[in-house]
Amino acid sequence: IYREVRVHSSLAHENVVQLYAAFQEGDKVILVQEYADGADLFTLLHKYGGRLSERLAVQLVLEPFLRVLQYLHSRAIIHRYASASLGAWAVAAVR
């Protein structure tokens, strides 16, 4: 977990949820992260009647994901988990 905190705190990208602080409280590690304003993918699908056009899916989901994936890979970081929120990706990364 400490390595992930170190890596996450070094990231600066518009599509990565920013990590503001991390601390240990007893046997738990507390992460203070940027609030990801916006809907999740389920809410987006519901808004568009259960389906996204190919154009919207690429624009709202695929392009942001690929931009952040390229950013991570350019820094020799691979993702283990990626969770979509519109406009931001929470990433657990290892280097």
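Residues numbered from 1 in each chain as written. Predicted model: local features only at pLDDT ≥ 70, side-chain atom pairs only at ≥ 80, totals over all residues. Heavy atoms only, no water.

This part covers the overall build of the protein chain. Scanning the protein chain from N- to C-terminus turns up 3 helices and 4 strands. Listing the helices and strands of the protein chain from first to last along the sequence gives α-β-β-α-α-β-β. Evaluated residue by residue, the protein chain yields a buried proportion of 25% over its 95 residues. At a minimum sequence separation of 6, the contacts of the protein chain that also span at least 24 residues come to 42%. Looking at the protein chain as shown, the accessible area adds up to about 6600 Å², and 55% of this sits on carbon and sulfur atoms. (Helix = DSSP H or I, 4+ residues; strand = E, 2+ residues; numbered from the N terminus. Buried < 20%, exposed > 50% of the residue type's maximum accessible area, 1.4 Å probe, protein only. Contact = heavy atoms within 4.5 Å. Areas by Shrake-Rupley, 256 points an atom, 1.4 Å probe, with all protein chains shown as cover.)

Turning our attention to a nonpolar patch on the surface. Together, I1, Y2, V29 and L31 give the surface a local cluster of nonpolar side chains, amounting to about 390 Å² of exposed area. Within the secondary structure, Y2 sits in helix α1 (residues 2-9). For Y2, a relative accessible area of 56% corresponds to the exposed category. (Patch = residues over 30% accessible without salt bridge, like charges linked within 9 Å, V, L, I, M, F, W, Y side chains within 5 Å. Salt bridge = Lys/Arg side-chain N within 4 Å of Asp/Glu carboxyl O.)

Glancing now at the pattern of salt bridges. Side-chain pairs of opposite charge can arise where the charged atoms are in close proximity. The full count for this structure, using the stated rule, is 1 salt bridge. For D27, the salt bridge identified is with K28, shortest N-O distance 4.0 Å. Each of the two residues, D27 as well as K28, counts as exposed.

Those residues of α1 that fall on the buried side of the exposure criterion are E4, V5, V7 and H8. Summarising the axial view, the buried residues of α1 lie within an arc of 165°, below the 170-degree limit, and thus occupy one face. Residues of α1 that are exposed and point more than 90 degrees away from the buried face comprise Y2 and R6. (Arc of directions from axis to C-beta.)

Looking now at helix α3 (residues 54-74). At L62, α3 shows its strongest bend, of approximately 40°, with the proline P64 following within four residues. Of all the positions in α3, only L56, P64, V68, L69, Y71 and L72 are classed as buried. (Bend = angle between axes of the 7 residues up to and from the residue.)

One recurring pattern in soluble globular proteins is that nonpolar side chains are buried together. Core analysis: the biggest nonpolar cluster contains 7 residues, these being V7, L11, V16, V68, Y71, L72 and I77. Among the elements that take part in this core, α3 stands out by supplying 3 residues, more than any other. (Core = buried A, V, L, I, M, F, W, Y, C linked by side-chain atoms within 4.5 Å.)

The next thing to look at is the pairing of strand β2 (residues 28-33). The sheet contact formed by strand β1 (residues 19-25) and β2 spans 6 bridges and is antiparallel. Bridge pairing links A21 to V32 in β2. Here β1 folds back onto β2 in antiparallel fashion, the turn holding 2 residues, of which G26 has a positive phi close to 65°. (Pairing = 2+ DSSP bridges.)

Let us look at unusual backbone geometry. One non-glycine residue, A76, lies in positive phi territory at about 60°. Relative to the helices and strands, A76 resides in the loop between α3 and β3 (78-85). Residue class for A76 comes out exposed when judged on its relative accessible area of 58%.

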